[in-house]
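# Structural overview for review
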Amino acid sequence: MADYEHHSYDVIIIGAGGAGLRAAIEAKQRGLRVALICKSLLGKAHTVMAEGGVAAAMGNVYPEDNWQVHFRDTMRGGKMLNNWRMAQLHAQEAPDRVLELEQWGALFDRTKDGKITQRDFGGHRYARLAHVGDRTGLELIRTLQQKAVSMDIDVFMECKILRLLRDDNGAVSGAVGYWRPTGEFITFSAKAVILATGGVGKSWKYTSNSWEGTGDGHAIALWAGAELIDMECIQFHPTGMVWPLSVRGILVTEGVRGDGGVLRNSEGKRFMFDYVADMFRAETAESEEEADKWYDDHTAGRRPPELLPRDEVARSINTEVKAGRGSPHGGVFLDIASRRSAEFIRRRLPSMYHQFMELAGVDITATPMEVGPTCHYIMGGVRVDADTAATGIPGLFAAGEVAGGMHGSNRLGGNSLSDLIVFGRRAGMGAADYVEGRADAQTLDVQQVQSIIDESLEPFSRETGENPYDIQRDLQELMQSNVGIIRTGAELDEALTQLEALKVRVDNISVKGGRVYNPAWNLATDLPAMLTVSTCAALGAQARKESRGGHTREDFPKPDPEFGKVNMVLSQPNGSGMNAEVKLDPQPILIMPDDLKALFEEAK
Amino acid sequence: MADLTMRIWRGDQDGGELVDYEIDSQEGEVVLDVIHRLQATQAPDLACRWNCKAGKCGSCSAEINGMPRLMCMTRMDQLPEGPITITPMRTFPIIRDLVTDVSFNFEMAKRVPAFNPPAMPEGGYRMQQIDVERGQEFRKCIECFMCQNVCHVIRDHEENKVNYAGPRFFIRYAELEMHPLDTNDRRELVREKMGLGLCNITKCCTEVCPEHIKITDNAIIPLKERAVDAHYDPVAWLGRKITRRTKRSAAEAAADRP
Ligand SMILES: Cc1cc2nc3c(=O)[nH]c(=O)nc-3n(C[C@H](O)[C@H](O)[C@H](O)COP(=O)(O)OP(=O)(O)OC[C@H]3O[C@@H](n4cnc5c(N)ncnc54)[C@H](O)[C@@H]3O)c2cc1C
Ligand code: SF4
Ligand code: SF4
Ligand code: FES
């Protein structure tokens, strides 16, 4: 009866960004049958867009650097909400993972003595980001892609997963999806599933994320019974383009500031000096003279305030604009033109130069850029075990942006690419350990499969109904205004009410045309996930009555030590899917062992 | 009001036609923005690929007024007045509307014998910036496949696709060939099985590359020289490359691949 193709593997990996590719390589090296599945073509995931670099305490530029310092920076950047064990493993293993990329063909920029060079980024005490100009993500994804292809890993491109399946024992058993180029359905049975689906930014109006950032992995994990944590912790990157309107949100790498760019308001003032929080005062420069010395020699002065963690800078820009000191198009000025030579800018930031020249007609070697905050990254995500990337569901693993915990309430720049390769590998290992010696997955429940297929086809059965693009636009407006960079209790209540109304509209979508590469249908299948993650973000934001990292409440402007001790855990104990209730339960964070705690004492 | 006419190819494997859409212009838009607005308002099922909207992922290639371009990096105000014609890349089979089947390229990628460096010394490989820069030029490739699309060897001769890697993969072979650490020798392979000889250096590929990679001058021509050397005069070749590690033969390298 079934009119869909079926495949059976040991491990399927959903997502082919850095995390998914690295996981696939690891599982394949263990001799397992591996499938790698992605919504776009191979090599087009978000990872390709990453610009500035990959953070790893290799100590090539500052020998003083080591994993303890990186660990400490990461935890402080995340306002101590991080899963300390993830932060520790990440800091310890990132250097080896970066070196491994060179064994697979990557070519990073060099120091004079031929080692991988490293650049400064916000929140990192030392120059720590290995990079290739400002196209580091391209280098990372291409290297992993070429490695994976050379290992003959089966790749299912433009294949979208709709839902996960579980067997009678509650273990994950496979997934259902469809081929975008044909609209035909496909099922996988697998002993283990690794989620590496990236982020959620597409539910906000101004975002650096592509159409893929719809939070599918977060949603299908929750629907399958896994827990999400801290979904309110969303990073608004301080510097997105603001003009022309059609490119609003596109990222301007932090590398601009790492390489000497400064932020100014309409009065020409370097306003960041006015916004240094107590926590960072001891290590931040007090004057422009002091800050400027630091770029050449980190011992000659303290860090410029432009390089504070992203949450601090984004909020400050927001405040300046609100106070009427913004740029003509509602941002502030990012000026590197007056500070570095045109030759230096073109060499260090070639794709930024290109991007502004072609999209905005602005020559960044001559004129300041206009920039403002853009929704960029979600720190929250699927709750996982640090060492194995295992979720609470047997056989289900998660790594990369879809996993929560590593970055606490705010991520430092460059810590994502390193996260992908550290925990992508660990997810591959965790899944392999789990799979080895297990019998094949049970046959899939045909009825369950059929009901998933039927549900996804409903939009075609309605003669009239909602246009999915209208719903997406209204959702983006809502999230931008009510669950944006600054939040209030009343606005969050309103958001939750309106999200319910949007869900009703999603259930009434009508799509015309065939199933072959139909973007409207594709969006119709994305919207349930977008509504689910948006609901989770709003619920978390409402419950966390404090301001911490990427989560800022106007009505609770300070961090509250009590909230600093809990993760906001979300689950669907009764029912599953967009319309089922999401329960929120604050649970204690992992307690850091004393020897690591001591690192923070020493630093004071 | 509606001051723009977008003339877009709509159809599938069985055929199709140019369809005119009228829409108003907005300040600062690129072609992809207009396509998105058409999807949201008039043509919800209009198929096109995109991801980054910033020229970084190479998804949105199409032919704009007959010229291969990235739709996300082509500003509307830089196109001539009059209807704007958007058609899919011609060299690849149609899936639907502006989306083509580019699997040819992924097949060619599978045939590239893998990078094969010596064991890594403690603390990582040492390479000089000047040496990595040669490979870095080719690694800027965003796989938009527009160079493949314009190359007449496959654009006009479907039958050549079996044994022709195309400019995108000539730069990949060149990159590996020039990699300071690589030990595989792919010169015979690229000459005999990958069709390097079919390229007659028309430079059309270089002209369309959005990353401004000098495909012909920096990759294809040096590769041709090396491949010829390898074929006719291996002794001279070895002599010139004396400072480099001896590379494995093409047969050995190809054996890495099924
Ligand atoms: C413009 C930009 C610049 C950045 N710069 C940096 C930087 O300099 N340094 C840094 O560390 N980080 C940076 N980041 C962040 C970093 O790039 C991302 O967090 C990271 O790449 C996410 O990787 P990932 O592997 O988790 O997922 P992604 O790379 O997002 O990949 C997700 C994959 O999942 C697939 N997928 C999703 N849903 C489904 C589904 N339902 N079915 C099948 N497949 C699915 C997608 O097709 C894709 O292959 C940047 C991000 C952006 C957007
Ligand atoms: S130069 Fe060679 S590879 Fe490039 S388009 Fe011409 S024939 Fe094709
Ligand atoms: S070489 Fe240039 S034109 Fe060819 S695929 Fe790469 S980026 Fe595109
Ligand atoms: S959308 Fe990525 S290159 Fe155009």
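Residues numbered from 1 in each chain as written. Chains lettered and ligands numbered in written order. Predicted model: local features only at pLDDT ≥ 70, side-chain atom pairs only at ≥ 80, totals over all residues. Heavy atoms only, no water.

## Comments concerning the overall build of chain B
To keep it simple, the criterion reads: The numbering of helices and of strands both runs from the N terminus, where a helix is a DSSP run of H or I of at least 4 residues and a strand a run of E of at least 2. Note on exposure labels: buried denotes an accessible area under 20% of the residue type's maximum, exposed denotes more than 50%, and partly exposed covers the range between, all computed with a 1.4 Å probe on protein chains only. Contact criterion: two residues are considered in contact whenever any of their non-hydrogen atoms come within 4.5 Å of each other. The protein chains shown are the only cover counted for residues, whose accessible areas, like all others here, come from Shrake-Rupley with a 1.4 Å probe.
Per the secondary structure count, chain B includes eleven helices and seven strands. Sorting the 258 residues of chain B into buried and exposed places 57% on the buried side. The contacts of chain B with a sequence gap of at least 6 include a subset with a gap of at least 24, amounting to 63%. Summed over its atoms, the accessible surface of chain B is roughly 11,100 Å², and 51% of this surface lies on carbon and sulfur atoms.

## Focus on the overall build of chain A
Condition: Computation of the radius of gyration draws on C-alpha atoms alone. For the globule rule, the value is 2.2 Å times the number of residues to the power 0.38. Positive charge is attributed to Lys and Arg, negative charge to Asp and Glu, and no charge count is given to His or to the chain ends. The atom standing in for a charge is NZ when the residue is Lys, CZ when it is Arg, CG when it is Asp and CD when it is Glu.
Each helix and strand counted, chain A has 17 helices and 18 strands in total. Computed over its C-alpha atoms, the radius of gyration of chain A comes to 23 Å, within 12% of the 25 Å expected for a compact globule of 604 residues. For chain A, the residues scored as buried account for 69% of the 604 residues in total. Pairs at least 24 apart in sequence give 73% of the contacts found in chain A among residues at least 6 apart. Total accessible area on chain A stands at roughly 19,200 Å², and carbon and sulfur atoms take up 50% of it. Charge separation in chain A, taken as the distance between the mean sites of 66 positive and 83 negative side-chain charges, equals 3 Å.

## Section: the pattern of salt bridges
Residue and element names in this part refer to chain A. Formally: Each reported salt bridge corresponds to a side-chain nitrogen of Lys or Arg within 4 Å of a carboxyl oxygen of Asp or Glu.
Here the structure, examined in full by the defined rule, presents 80 salt bridges over all chains. The shortest N-O distance in the salt bridge between Arg339 and Asp292 comes to 2.9 Å. With Arg339 in the loop between β13 (332-335) and α10 (342-348) and Asp292 in helix α8 (residues 288-294), this residue pair connects regions lying 47 residues apart in the sequence. In this structure, Asp474 engages Arg473 in a salt bridge whose closest nitrogen and oxygen atoms are separated by 3.3 Å. For Arg473, a relative accessible area of 43% corresponds to the partly exposed category. Residues joined by salt bridges that share partners form a network here, namely Arg85, Glu93, Asp387, Arg425 and Arg426.

## Section: the packing of helix α5 (residues 216-223) of chain A against helix α16 (residues 519-543) of chain A
Residues and elements named next belong to chain A. What counts here: Between the N-to-C directions of two axes lies an angle of 0 to 180 degrees, each axis being a line fitted to C-alpha atoms and, for a helix, fitted only over the stretch in contact. Oblique is the label for every angle not falling under 35 degrees (roughly parallel), over 145 degrees (roughly antiparallel), or within 65 to 115 degrees (roughly perpendicular).
It is the contact of α5 with α16, at a shortest axis distance of 8 Å, that shows an interaxial angle of 80 degrees. By the angle between their axes, α5 is roughly perpendicular relative to α16. In contact with Asp216, His218, Ala219, Leu222 and Trp223 of α5, α16 contributes Asp526, Pro528, Ala529, Thr532, Val533 and Cys536.

## Considerations on the sheet that holds strand β18 (residues 583-588) of chain A
Residue and element names in this part refer to chain A. Stated precisely, the cut-off is as follows: Only strands that DSSP links by at least two bridges are regarded as paired with each other.
Pairing in this open sheet of four strands is antiparallel, and the strands run β15-β10-β17-β18 from one edge to the other. Only two strands of the sheet have a single partner each, and these edge strands are β15 (381-382) and β18. Where strand β10 (residues 228-229) lies against strand β17 (residues 566-571), two bridges are found, and the strand directions are antiparallel. Looking at β17, one finds that Leu228 is bridged to Leu570. Each of β10, β17 and β18 touches α16; the most contacted strand, β17, lies at about 145 degrees to it.

## Quick word on the domain arrangement of chain B
All names here are of chain B. The line we're drawing: An automatic or database domain assignment provides the domain bounds reported here. Two parts placed together each lose some accessible area under a 1.4 Å probe, and the buried area is that loss summed for both.
Under the domain assignment, chain B is made up of domain 1 (4-100) and domain 2 (103-256). On the side of domain 2, 17 residues touch domain 1, which itself brings 14 residues to the contact. Taking both partners together, domain 1 and domain 2 bury about 1,200 Å²; carbon and sulfur atoms supply 55% of that area. Of all residues in domain 1, Pro68, Thr91 and Phe92 bury the most surface against domain 2, accounting for 45% of the area lost on that side.

## Things to note about the nonpolar core
For the record, the criterion: Nonpolar cores were defined as sets of buried Ala, Val, Leu, Ile, Met, Phe, Trp, Tyr and Cys residues, with membership established by side-chain atoms within 4.5 Å.
Ranked by internal contacts, the top residues of the largest apolar core, which has 248 residues, are Met6(B), Met71(B) and Ile86(B). Element by element, the count of residues in this core is highest for α16(A), at 14 residues. What Met71(B) contacts, discounting residues up to four positions off in sequence, is Val30(B), Val31(B), Leu32(B), Ile35(B), Cys48(B), Arg49(B), Cys60(B), Ala62(B), Ile64(B), Ile86(B) and Leu98(B). Listed in part, the nine residues of the second largest apolar core include Met592(A), Leu596(A), Leu599(A) and Phe600(A).

## Brief notes about the packing of aromatic side chains
For clarity, the threshold we go by: Centres within 6.5 Å are what make two rings of Phe, Tyr or Trp a pair, Trp counting through its six-membered ring; a difference in plane orientation under 30 degrees is then read as stacked, over 60 as edge-to-face, and the rest as tilted. Put simply, a charge is over a ring when the Lys NZ or the Arg CZ is close to the ring centre, within 6 Å, and near the line of the ring normal, within 35 degrees.
This model, assessed by the stated rule, comprises 15 aromatic pairs over all chains. The interplanar angle of 85 degrees and the centroid separation of 5.4 Å between the aromatic rings of Tyr164(B) and Phe170(B) together place this pair among those described as edge-to-face. Three or more aromatic residues joined by ring pairs make a cluster, and in this case those are Tyr9(A), Phe156(A), Trp179(A) and Phe188(A). One cation-aromatic arrangement involves Arg346(A) over Tyr353(A); the distance from NZ or CZ to the ring centre is 5.5 Å. Lying over the aromatic face of Phe104(B), Lys161(B) brings its terminal NZ or CZ to 5.9 Å of the ring centre.

## Points about the site of ligand 1
All names here are of chain A. In plain terms, the rule: Throughout, near means a residue has at least one heavy atom within 4 Å of the molecule or strand. Within 3.5 Å is the distance limit for a polar contact, defined as a pair of N or O atoms, with the added protein rule that one can donate a hydrogen and the other accept it, and that residues adjacent in sequence qualify only through two side-chain atoms. Each residue gets one label: Ala, Val, Leu, Ile, Met, Phe, Trp, Tyr, Cys and Pro are nonpolar, Asp, Glu, Lys and Arg are charged, and the others, such as Gly, are polar.
Among the 38 residues in the neighbourhood of ligand 1, the closest are listed as Thr47, Gly52, Glu212, Asp216 and Leu417. One nitrogen or oxygen atom from the main chain of Gly18 is found 3.2 Å from an oxygen atom belonging to ligand 1. For ligand 1, an oxygen atom lies 3.0 Å from a polar atom in the backbone of Ala19. Across the complex, the protein chains shield 98% of the 1,000 Å² of accessible surface that ligand 1 would expose by itself. Mapped onto the shell around ligand 1, the elements with two or more residues apiece are α1 (18-29), β7 (159-166), β14 (369-378) and α12 (415-435). With four residues, the top contributor of residues to the shell around ligand 1 is α12. Tallied by class, residues from the shell around ligand 1 come to 15 nonpolar, 16 polar and seven charged.

## Topic: the interface of chain A and chain B
You'll often see interface size given as the accessible area lost when the parts meet. At the interface, 62 residues of chain A touch 58 residues of chain B. Summed over both partners, the interface of chain A with chain B comes to about 4,900 Å²; 54% of that surface belongs to carbon and sulfur atoms. Its largest share of buried area at the contact with chain B, chain A owes to Lys44(A), Leu107(A) and Tyr517(A), together 13% of the area lost on that side. Across the contact surface, chain A and chain B share 34 residue pairs in polar contact (both at pLDDT 80 or more). The set of elements that each furnish at least two residues to the side of chain A that touches chain B consists of α3 (84-103), α4 (136-150), α11 (350-360), α14 (468-482) and α16 of chain A. For the side of chain A that touches chain B, the element with the highest residue contribution is α4(A), accounting for eight residues. Taken together, the residues that form the side of chain A that touches chain B break down as 27 nonpolar, 17 polar and 18 charged.

## Re the site of ligand 3
Inspection of the region around ligand 3 gives Cys141(B), Ile142(B), Glu143(B), Cys144(B), Phe145(B), Cys147(B), Arg168(B), Ile171(B), Cys209(B), Pro210(B) and Ile215(B) as its neighbouring residues. Within the shell around ligand 3, the residues separate by chemical class into nine nonpolar, no polar and two charged.

## Digging into the domain arrangement of chain A
Residues and elements named next belong to chain A. Per the domain assignment, the segments making up chain A are domain 1 (26-235 + 376-435), domain 2 (236-375) and domain 3 (446-585). Spacing between the C-alpha centres of domain 1 and domain 3 amounts to 23 Å. Across the domain 1 to domain 3 interface the summed buried area is about 4,100 Å²; carbon plus sulfur atoms make up 58%. Seen at the junction of domain 1 and domain 3, the total is six salt bridges. Close ionic contact of Lys160 with Asp526 constitutes a salt bridge, the shortest N to O distance being 2.4 Å. Our count for the contact surface shared by domain 1 and domain 3 stands at 26 residue pairs in polar contact (both at pLDDT 80 or more). Listing elements by their share of the side of domain 1 that touches domain 3, those giving two or more residues are β7, β8 (172-179), β9 (185-195), α5 and β10.

## A short note on α16(A)
Note: α-helices contain 3.6 residues per turn, so residues at a spacing of three or four share the same orientation. All names here are of chain A. This is how the line gets drawn: Expected span, for any helix, means 1.5 Å times one less than how many residues it has. Bend is the name given here to the angle between axes fitted to two runs of seven residues, the run ending at a residue and the run starting at it.
The end-to-end C-alpha distance of α16, which contains 25 residues, comes to 36 Å, matching closely the 36 Å that a straight helix rising 1.5 Å per residue would cover. At Asp526, α16 shows its maximal kink, close to 30 degrees; a proline, Pro528, follows between one and four residues later. Most of α16 sits inside the fold, with 24 of its 25 residues counted as buried. Capping the start of α16 is the job of one residue whose side-chain oxygen sits 3.0 Å from the backbone nitrogen of Ala520: Asn518.

## Details of the environment of Phe108(A)
Inspection of the secondary structure puts Phe108(A) in the loop between α3 and β4 (118-119). Residue Phe108(A) is classed as buried on the basis of its relative accessible area, which comes to 1%. In sequence terms Phe108(A) and Gly133(A) are 25 residues apart; their C-alpha atoms lie 8.5 Å from each other. Not counting the four nearest positions on each side in its chain, Phe108(A) is found in contact with Val54(A), Val98(A), Leu101(A), Glu102(A), Ile116(A), Ala130(A), His131(A), Val132(A), Thr136(A), Val132(B) and Gln136(B).

## Things to note about the side chain of Thr535(A)
Within the element layout of this structure, Thr535(A) appears in helix α16. Side-chain polar atoms of Thr535(A) contact the backbone oxygen of Leu531(A), separated by 2.7 Å.

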